[in-house]
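Analysis of the macromolecular model
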Amino acid sequence: FPAPPPPATAAATQIPKNGYFPVRKTPILDSMNNEGTQAMRRMTVPQLTELADEVRWQVLDAVSVTGGHLGAGLGVVELTVALHAVYDTPRDE
């Protein structure tokens, strides 16, 4: 049997600060600043679609660093964007 690998050093076990996906610009997400859902209600359908793509990319990039399950998170991106664009959250109940 081969010898076990040496123990990992502290530097080798640190979580990377950046994800493993290529850097992708997120202009719509970045332009929202602190407006949040109010900015979403002014967006066109193509802009909301692009916003969902940008959010999905951010989720994939984050999970590539931290690990874990991402199916549920990816499955609700469009739904969440649509709900926030239509309803006056958090005021609407």
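Look up a bit, the structure's there.
Read on for a plain summary of the structure.

Within the chain, the secondary structure is distributed over six helices and zero strands. Overall, the chain shows an N-to-C arrangement of helices and strands of α-α-α-α-α-α. Taken over 93 residues, the chain has a buried fraction of 20%. Long-range contacts, defined here as pairs at least 24 residues apart, represent 66% of the contacts in the chain between residues at least 6 apart.

Enumeration according to the criterion identifies six salt bridges in this entry. Residues arginine 91 and aspartate 88 are paired through a salt bridge, measuring 3.4 Å at the closest nitrogen-oxygen approach. A relative accessible area of 24% means that aspartate 88 is categorised as partly exposed.

Right, let's talk about a nonpolar patch on the surface for a bit. Together, Val76, Leu79, Leu83, Val86 and Tyr87 give the surface a local cluster of nonpolar side chains, amounting to about 470 Å² of exposed area. Examined against the element boundaries, leucine 83 turns out to sit in helix H6 (residues 77–86). A relative accessible area of 41% means that leucine 83 is categorised as partly exposed.

On to H6, then. Those residues of H6 that sit buried are Val77, Val81 and Ala85. Taken down its axis, H6 places every buried residue within 60° of arc, on the same side. Buried positions along H6 lie against helix H3 (37–41), helix H4 (45–66) and helix H5 (71–75).

By size, the foremost hydrophobic cluster in this structure holds 11 residues: Ile28, Met32, Ala39, Met40, Met43, Leu48, Leu51, Ala52, Val77, Val81 and Ala85. Of all the secondary structure elements, the ones that give two or more residues to this core are H3, H4 and H6. Those residues within four positions of valine 81 in sequence are excluded, and the remaining contacts are Met40, Leu48, Leu51 and Ala52.

Here the focus is the packing of H4 against H6. Remark: H4 packs on H6, axes separated minimally by 9 Å, with the N-to-C direction vectors making an angle of 135°. It follows from the interaxial angle that H4 and H6 lie oblique. In this structure, H4 meets H6 at a crossing whose hand is right-handed. Along the contact surface, H4 presents Leu48, Leu51, Ala52, Val55 and Arg56, while H6 presents Val77, Glu78, Val81 and Ala85. Among the residues forming the contact of H4 with H6, the class breakdown is seven nonpolar, no polar and two charged.

Scoring rules and cut-offs
- Residues numbered from 1 in each chain as written.
- Predicted model: local features only at pLDDT ≥ 70, side-chain atom pairs only at ≥ 80, totals over all residues.
- Heavy atoms only, no water.
- Helix = DSSP H or I, 4+ residues; strand = E, 2+ residues; numbered from the N terminus.
- Buried < 20%, exposed > 50% of the residue type's maximum accessible area, 1.4 Å probe, protein only.
- Contact = heavy atoms within 4.5 Å.
- Salt bridge = Lys/Arg side-chain N within 4 Å of Asp/Glu carboxyl O.
- Patch = residues over 30% accessible without salt bridge, like charges linked within 9 Å, V, L, I, M, F, W, Y side chains within 5 Å.
- Areas by Shrake-Rupley, 256 points an atom, 1.4 Å probe, with all protein chains shown as cover.
- Arc of directions from axis to C-beta.
- Core = buried A, V, L, I, M, F, W, Y, C linked by side-chain atoms within 4.5 Å.
- Axes fitted to C-alpha atoms, helices over the stretch in contact; angles between N-to-C directions.
- Parallel < 35°, antiparallel > 145°, perpendicular 65-115°, else oblique.
- Left-handed = near helix turned anticlockwise from the far one by under 90°.
- Nonpolar A, V, L, I, M, F, W, Y, C, P; charged D, E, K, R; others polar.

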